[in-house]
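Okay, here's what each chain looks like letter by letter:
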Amino acid sequence: MYVYNTLTNKKEKFSPLEEGKVKMYVCGPTVYNLIHIGNARPMIVFDTVRRYLEYKGYEVTYVSNFTDIDDKIIKEAVKEGVPASTVSERYIKECKKDMTAMNVRPATKHPLATEEIDGMLEMIRTLINNGNAYTAKDGTVYFRTRSFKDYGKLSHKNLDELRSGNRELKVSGANQKEDPLDFVLWKPKKEGEPYWDSEWCEGRPGWHIECSVMSKRYLGDEIDIHAGGEDLIFPHHENEIAQSEAANKKPFAKYWMHNAFLNINNKKMSKSLGNFFTVRDISEKYDLQILRFFMLSAHYRSPLNFSEELMESAKNGLERIITAVDNLSRTAKGAAAEKISEEEKEKLSKIKEYADKFEAAMDDDFNTADAIAAIFEAVKFANIEITEKSSREFAKDILETILTETDILGLTVERKEESNAEIDALIKERQEARKTKNFARADEIRDILKEKGIALEDTKDGVKWKKIR
Ligand code: AMP
Ligand code: ZN
């Protein structure tokens, strides 16, 4: 299996620190708003990486944080007139709902920055003692980037250019840094902000130290994979490396993986640009399995443009798989012939070939686009080969291969069986309500059904319903 490593700018053969085990950290969202579909990309992509690693037999410990203290959270809290924790707790809850709907499995651990302050104070102390950090007059603690000789190894940037680009700041005395590339580890509170006590000042941590500490606490000093969106390479991940390696004196992460951006009209989707859709917006129109399928239809390192058209084509693509799975299930359960015939056995070699293609694509830096193409080949094969004469065993073998693959991608492809009895009962109740002119209840029932993705149609033959998502 090969993984593209941002650290070396190469695909490398994957070999974890400890045989059979993978320790993985994925930078999570800052929780001041509902997550947008750009934030969903790393969630879906790295959840798929995790699923594939597990399929390959690794025991994966997957840690992903929530940044629950930050300027944006405080700003939102001030706007609403509530404590910052009210905002962060609300959006963590909402984020978890979105994750479930996108079939993103909960991490082994989701640490919260505000619960890890002691570890941060400890790491900052170590950095100060080692000469890697210093305290300014107002109590701000900075990391001394010049003290870490490998600074810049991840982002491959020209640091001198970066330094000179930031020189004016220093000259103007706008900050108290020794070097423009120094960054904050701890900063003084501002009036009305949440704070923690420390020997330097009452204040709060910088963003970068949070991840170094949470990764260390739950995974140890050295980990296998550290991941996030490509915007995090610099400065966030570069700074994490500097902090962790200077404090722990060990290499931090072996593989650095970064997803490319989700764009809209070829511009990056971001909260600050205001050109975003939340996952919740999309869920009003589409089953989120379709969003997941859309995300995985491109390689994670390629930019992906979001459009209605592409979502529609993802919807059709997924539907094609669902229909094939449906047919295969019916044959696997109900065909007259049970045992596989010799002829069918031979044909199964084709399915094996497509399964090998799937695996080869995933082994090649998680190329989900090619992996999906291999599933489509199997689907096409099934659509041609499954007839009334097919045996149950033949259908079952094909079905299991496809389901193993869709499960690795985290896609639910079994057609959702609605409890028709329940829906029929609600429709009947609505009819009664209308007869007795209880229109409020009738409308309420229509809304309940809509929530379930059921649309009602009043026809001359009575009320018909159909699934709209
Ligand atoms: P944030 O809440 O901005 O810290 O972002 C959380 C995660 O989402 C990070 O890994 C970001 O790199 C990632 N991310 C944010 N916007 C996008 C986008 N438009 N496309 C892909 N990933 C994104
Ligand atoms: Zn991080």
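The structure under discussion appears in the preceding block.
Everything in this summary refers to the structure shown in the same document. Note that the structure is predicted; figures quoted are calculated from it, not measured.

### Side note on the site of ligand 1
Around ligand 1 there are 17 residues in total, and Thr30, Gly229, Asp231, Leu262 and Met269 lie nearest to it. One nitrogen or oxygen atom from the main chain of Met269 is found 2.8 Å from a nitrogen atom belonging to ligand 1. Summarising the interface, the protein chains cover 90% of the accessible area of ligand 1, which totals 490 Å² for the free molecule. Among the cavities detected, the one that contains ligand 1 is the largest pocket. Residue assignment for the shell around ligand 1 shows that the elements contributing at least two residues are α1 (37-55) and β9 (223-229). When the residues that make up the shell around ligand 1 are grouped by side-chain class, the tally is 8 nonpolar, 8 polar and 1 charged.

### Some thoughts on the sheet that holds strand β12 (residues 267-268)
Within a sheet, adjacent strands bond to each other through the backbone by hydrogen bonds, running parallel or antiparallel. Judged by pairing direction, the sheet is mixed, and its 3 strands sit side by side in the order β12-β11-β13 without closing on themselves. Two strands lie at the open edges of the sheet, namely β12 and β13 (304-306), each paired on one side alone. Across the sheet, helix α10 (residues 288-296) lies against β11 (262-264) and β13, angled at about 145 degrees from β13, the strand it touches most.

### Description of the packing of helix α13 (residues 368-385) against helix α14 (residues 392-408)
Where α13 contacts α14, the axes come no closer than 11 Å and their chain directions differ by 160 degrees. It follows that α13 is roughly antiparallel to α14 by the angle criterion. For the pair α13 and α14, the crossing hand works out as left-handed. Of the residues in α14, those touching α13 at Ile375, Ala378, Val379, Phe381, Ala382 and Glu385 are Phe394, Ile398, Ile402, Glu405 and Thr406. Among the residues forming the contact of α13 with α14, the class breakdown is 8 nonpolar, 1 polar and 2 charged.

### Re the packing of aromatic side chains
The geometry of two aromatic rings is summed up by the distance between their centres and the angle between their planes. Summed over the entire model, instances satisfying the criterion amount to 13 aromatic pairs. Measuring from ring centre to ring centre gives 5.7 Å for Tyr52 and Tyr55, while their planes differ by 25 degrees; the resulting arrangement is stacked. Taken as a pair, Tyr52 and Tyr55 lie in helix α1 at a separation of 3 residues, close to a single helical turn. Looking at Tyr52, the relative accessible area reads 0%, which means it is buried. Overall, Tyr55 belongs to the partly exposed group, its relative accessible area being 39%. Seen in terms of ring centroids, Tyr52 and Phe366 are 6.2 Å apart; in terms of plane orientation they differ by 90 degrees. Their pairing is edge-to-face. Of the two residues, Tyr52 sits in helix α1 while Phe366 sits in the loop between α12 (342-363) and α13, which places them 314 residues apart along the sequence. The class of Phe366 is buried, set by a relative accessible area of 2%. Among the aromatic residues, those joined into a ring-pair cluster are Phe14, Tyr58 and Tyr255. The ring of Tyr195 carries the charged tip of Lys189 above its face, separated from the ring centre by 4.0 Å. When the ring centre of Phe376 is taken as reference, the NZ or CZ atom of Arg320 above it lies at 4.3 Å.

Cut-offs and rules
- Residues numbered from 1 in each chain as written.
- Chains lettered and ligands numbered in written order.
- Predicted model: local features only at pLDDT ≥ 70, side-chain atom pairs only at ≥ 80, totals over all residues.
- Heavy atoms only, no water.
- Near = heavy atom within 4 Å.
- Polar contact = N/O pair within 3.5 Å; in protein donor to acceptor, adjacent residues only side chain to side chain.
- Areas by Shrake-Rupley, 256 points an atom, 1.4 Å probe, with all protein chains shown as cover.
- 1 Å grid on protein atoms, 1.4 Å probe; cavity = no way out; pocket = protein on both sides within 12 Å on 5 of 7 lines; lining within 4 Å.
- Sits in = over half its atoms within 2 Å of the grid points.
- Helix = DSSP H or I, 4+ residues; strand = E, 2+ residues; numbered from the N terminus.
- Nonpolar A, V, L, I, M, F, W, Y, C, P; charged D, E, K, R; others polar.
- Pairing = 2+ DSSP bridges.
- Contact = heavy atoms within 4.5 Å.
- Axes fitted to C-alpha atoms, helices over the stretch in contact; angles between N-to-C directions.
- Parallel < 35°, antiparallel > 145°, perpendicular 65-115°, else oblique.
- Left-handed = near helix turned anticlockwise from the far one by under 90°.
- Phe/Tyr/Trp six-rings, centres within 6.5 Å; stacked < 30°, edge-to-face > 60°.
- Buried < 20%, exposed > 50% of the residue type's maximum accessible area, 1.4 Å probe, protein only.
- Lys NZ or Arg CZ within 6 Å of the ring centre and 35° of its normal.

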